[in-house]
Amino acid sequence: MDSTTPGISALPSGLGVFTTLPDIFFIPELVFGGLVWILVASTKVLLANPQGWVMFVSVFCFVFTFLWFLLFMIGVNQSSPVWSSLDVAYHGIAALFYLSASVAQSSATIALQDNSSTFKSYQEDIAAVVCSYIATLLYVIHVMFSAFRWKAS
């Protein structure tokens, strides 16, 4: 019985990043992570608000995902077999960070629900929550397929 999963191969480089299953999620992760960053930055932040953590996670994951994407594009990941495990580790940490940030953003949004003077911020917070949970889902899917690839290698 073949132990490889269809569509999962060795780590890609160059334009191959756009054609392999787990790595195709880089662009949506950047798009939805950037949207979280923009939406949280544009809202009114109250004093007892956990949105600082959400901003840290969205900026951290955006920057490191972009750097990770660039490393894959230029082929640095071809130099050592440890890159598969690093890919799983990074995306696992990013998924956990985004899950915690999504819960924190949800909490901040629920706190603003009854405040009618900040309805625009409330709508932006709802959009940030949705984008944050989508980014979480993308990172979870990415780490799952990266783990399949790591185990197959």
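Residues numbered from 1 in each chain as written. Predicted model: local features only at pLDDT ≥ 70, side-chain atom pairs only at ≥ 80, totals over all residues. Heavy atoms only, no water.

(A) View of the packing of aromatic side chains. In this structure the tally under the stated criterion is 14 aromatic pairs. Pairing Trp37 with Phe62 gives two aromatic rings, centres 5.4 Å apart and planes at 65°, and the pair type is edge-to-face. Taken as a pair, Trp37 in helix α1 (residues 26-41) and Phe62 in helix α2 (residues 51-74) lie far apart in primary sequence, 25 residues in all. The class of Trp37 is partly exposed, set by a relative accessible area of 29%. Using a relative accessible area of 25% as the deciding quantity, one classes Phe62 as partly exposed. Pairing Tyr98 with Tyr139 gives two aromatic rings, centres 5.5 Å apart and planes at 20°, and the pair type is stacked. Taken together, the residues Tyr98 in helix α3 (residues 83-112) and Tyr139 in helix α4 (residues 119-152) connect sequence positions 41 residues apart. Pair check on accessibility: Tyr98 and Tyr139 agree, each one buried. A network of ring pairs unites the aromatic residues Phe26, Trp68, Phe69, Phe72, Trp83 and Tyr90 as a single cluster. (Phe/Tyr/Trp six-rings, centres within 6.5 Å; stacked < 30°, edge-to-face > 60°. Helix = DSSP H or I, 4+ residues; strand = E, 2+ residues; numbered from the N terminus. Buried < 20%, exposed > 50% of the residue type's maximum accessible area, 1.4 Å probe, protein only.)

(B) View of the environment of Ser132. You can see Ser132 is positioned in helix α4. On the basis of relative accessibility, which here comes to 0%, the residue Ser132 falls in the buried class. Separated by 32 residues in the primary sequence, Ser132 and Ser100 place their C-alpha atoms 9.9 Å from one another. Sequence-distant contacts of Ser132, that is, excluding residues within four places in its chain, are made with Val36, Tyr98, Ala101 and Ser102. (Contact = heavy atoms within 4.5 Å.)

(C) Local environment of α2. For α2, with 24 residues, the first-to-last C-alpha span of 34 Å sits near the 34 Å given by 1.5 Å per residue. Every buried residue of α2 is listed here: Gln51, Val54, Val57, Ser58, Cys61, Thr65, Trp68, Phe69 and Phe72. In the core, the buried residues of α2 are packed alongside α1, α3 and α4. Backbone geometry just after α2 places Gly75 at a positive phi near 90°. (Expected span 1.5 Å × (residues − 1).)

(D) Here's a closer look at the pattern of salt bridges. Tallied over the full model, the rule gives 2 salt bridges. The salt bridge partner of Asp87 is Arg149, with a shortest N-O separation of 2.8 Å. With a gap of 62 residues between them, Asp87 in helix α3 and Arg149 in helix α4 connect regions that are remote in the sequence. Taking the relative accessible area as the measure of exposure, Asp87 reaches 0% and is therefore buried. Its relative accessible area of 3% is what places Arg149 among the buried residues. Across the pair Lys120 and Glu124 runs a salt bridge whose closest N-O atoms are separated by 2.6 Å. A residue pair is termed a helical-turn pair when its members lie 3 or 4 positions apart in one helix, as Lys120 and Glu124 do in helix α4 at 4 residues. The buried category is assigned to Glu124, whose relative accessible area is 14%. (Salt bridge = Lys/Arg side-chain N within 4 Å of Asp/Glu carboxyl O.)

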